[in-house]
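# Close look at the chain arrangement
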Amino acid sequence: MGRVSRHDRIATGLIEWGSGSLRDLPWRRTNNAWHVLVSEVMLQQTSVTRVLPKYENFIAEFPTPGHMANASLGDALALWSGLGYPRRCRNLRETAIVLARDFDGVMPSTLDELLALPGIGQYTARAILAFAHRQDVAVVDVNVSRVLSRLEGEPLKARALQQLADQLVPEGLGWDWNQVMMDFGARHCTVRSPQCTACPVKKQCKWHGVGDDPAPLSAGASKPQAKFEGSDRQARGRAMRAVNDGVATQKAIVRAMNLEHDVERATKLLEALVNEGLLLRSGARFTLP
Ligand code: SF4
């Protein structure tokens, strides 16, 4: 029998860890590339628990790119409300329009074609290939980056991370592998409390919790989020929610933003939302586009 390589042991250990313990999530039950794209875009900056109900509603309303392309941006933003970062919704609609117009509503299945779509970067393109088209490519998110740099015991640059991740994908198991890696990073090899003692790949892990953690210096490592309370992000979110709830006048929106003491800042933020195409202004009244 041939020698079992370190990579094989890592793959086997982690696939075994994942078998039977993967979280049951609706986007894991589908091969529909549009649905996978919607879930990936929603999950980019929002937690699974907040995404779950929104995803179900969104897919029910926009089951194909054509449905979203034919709806107004305002209708899409109303469904998006509560997820934050509404620019993602606007970009997703731009992708839907191109898919409906140039691809007959069918998601392409090559990396180059996917990367040419508006708003789709390396991560999302690979996620579509792995999760919808079931290709053996590796998806490197913040969790995967952390696990890989710890396994190697050193910080890794983006290219090295992707190379290593691609080498580790067990043949024919790309879908399972990527789901397992993400769950393993999110639930076992976590930022603050990696469970090294009970880890299935402890013997193969060069860091295993001893000495300086190499993950924070690796490409794609999570940066500490800027404080949300009192931030522009919070005020923008409040403005979008207020308009979605039917609040229309600038004065009332500024009140909803909690910025009556700083009308200048509120006005700048509202102007930015208008410039980004996320709000429409008519005089001193605002609506969704
Ligand atoms: S031994 Fe610790 S650091 Fe290494 S992969 Fe396992 S949980 Fe992560």
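All values reported here derive from a predicted model rather than from experimental measurement. (Residues numbered from 1 in each chain as written. Predicted model: local features only at pLDDT ≥ 70, side-chain atom pairs only at ≥ 80, totals over all residues.)

## Points about the overall build of the protein chain
Assigned secondary structure in the protein chain consists of 14 helices and 2 strands. For the protein chain, the spread of C-alpha atoms along the three principal axes comes to 75 × 45 × 30 Å. Burial analysis of the protein chain (289 residues in total) assigns 35% to the buried set. The long-range fraction of contacts in the protein chain, counting pairs at least 24 apart against all pairs at least 6 apart in sequence, stands at 66%. (Helix = DSSP H or I, 4+ residues; strand = E, 2+ residues; numbered from the N terminus. Buried ≥ 20, exposed ≤ 12 C-beta atoms within 10 Å, placed from the backbone. Contact = placed C-beta atoms within 7 Å.)

## So, the site of the ligand
Lining the immediate surroundings of the ligand are 15 residues, of which C189, P194, C196, C199 and C205 lie closest. Within the shell around the ligand, the residues separate by chemical class into 9 nonpolar, 4 polar and 2 charged. (Near = placed C-beta within 6 Å. Nonpolar A, V, L, I, M, F, W, Y, C, P; charged D, E, K, R; others polar.)

## Brief notes about the environment of Q250
Among the structural elements, Q250 can be located in helix α13 (residues 250-256). Residue classification places Q250 among the partly exposed positions, given that 18 C-beta atoms sit within 10 Å. Ignoring sequence-local partners within four residues, the contact set of Q250 consists of L270, A284 and F286.

## Some remarks on the domain arrangement of the protein chain
Taken as a whole, the protein chain is organised into domain 1 (32-131) and domain 2 (232-287). A separation of 25 Å is found between the C-alpha centroids of domain 1 and domain 2. Domain 1 puts 8 residues into the contact, and the matching count from domain 2 is 7 residues. Counting residues per element, the ones that place at least two in the side of domain 1 that touches domain 2 are α5 (73-80) and α6 (87-102). Ranked by the residues each element gives to the side of domain 1 that touches domain 2, the list is headed by α5, at 3 residues. When its residues are assigned to classes, the side of domain 1 that touches domain 2 shows 4 nonpolar, 2 polar and 2 charged. (Domains from an automatic or database assignment.)

## Observations concerning helix α10 (residues 158-168)
Of the positions making up α10, those classed as buried are L161, Q162 and A165. On an axial view of α10, the arc spanned by its buried residues comes to 95°, and they lie on one face. The outward face of α10, more than 90 degrees from its buried face, is lined by the exposed residues R159 and Q167. Summarising the contacts, the buried residues of α10 are in contact with α9 (142-152). (Arc of directions from axis to C-beta.)

## Overview of the packing of α9 against α10
In contact at an axis separation of 10 Å, α9 and α10 are set at 85° when each is read in the N-to-C sense. Between α9 and α10, the angle falls in the class roughly perpendicular. Mapping the contact onto sequence places V144, S145, L148 and E152 in α9 and L161, L164 and A165 in α10. Counted by class, the contact of α9 with α10 contains 5 nonpolar, 1 polar and 1 charged residues. (Axes fitted to C-alpha atoms, helices over the stretch in contact; angles between N-to-C directions. Parallel < 35°, antiparallel > 145°, perpendicular 65-115°, else oblique.)

## Comments concerning the nonpolar core
Of all hydrophobic cores here, the largest spans 72 residues; its most connected members are V38, I128 and A239. Per-element tally for this core: the top contributor is helix α2 (residues 33-43), with 7 residues. Excluding residues that lie within four positions of it along the chain, V38 makes contacts with Y55, F58, I59 and L92. (Core = buried A, V, L, I, M, F, W, Y, C linked by C-beta atoms within 7 Å.)

## Some points on helix α11 (residues 174-187)
Because the α-helix completes a turn every 3.6 residues, residues three or four places apart line up on one side. For α11, built from 14 residues, the straight-helix expectation of 20 Å at 1.5 Å per residue is met to within 8% by its first-to-last C-alpha distance of 20 Å. Among the residues of α11, G174, W177, N178, V180, M181, M182, F184 and G185 are the ones counted as buried. Packed against the buried residues of α11 are α1 (6-18), α8 (122-131) and α9. (Expected span 1.5 Å × (residues − 1).)

## As for the environment of V51
Mapped onto the elements of the fold, V51 is located in helix α3 (residues 48-61). Between the C-alpha atoms of V51 and G82, which are 31 residues apart in sequence, the distance is 9.3 Å. Apart from the residues lying within four places of it in its own chain, the contact partners of V51 are M42, L43 and T46.

## Considerations on unusual backbone geometry
Backbone geometry follows two general trends: most residues other than glycine have a negative phi, and most peptide bonds adopt the trans configuration. Positive phi outside glycine occurs at Y85, with the angle close to 45°. Here the phi dihedral of N258 falls at roughly 65°; this positive angle occurs in a residue that is not glycine. As for its placement among the helices and strands, N258 is situated in the loop between α13 and α14 (263-275). Classification of N258 by C-beta neighbours within 10 Å gives partly exposed; the count is 13.

## Some details on the environment of A198
Residue position: A198 is located in the loop between α11 and α12 (232-244). Classification of A198 by C-beta neighbours within 10 Å gives exposed; the count is 7. A sequence separation of 66 residues divides A198 from E264, and the C-alpha atoms of the two residues are 54 Å apart.

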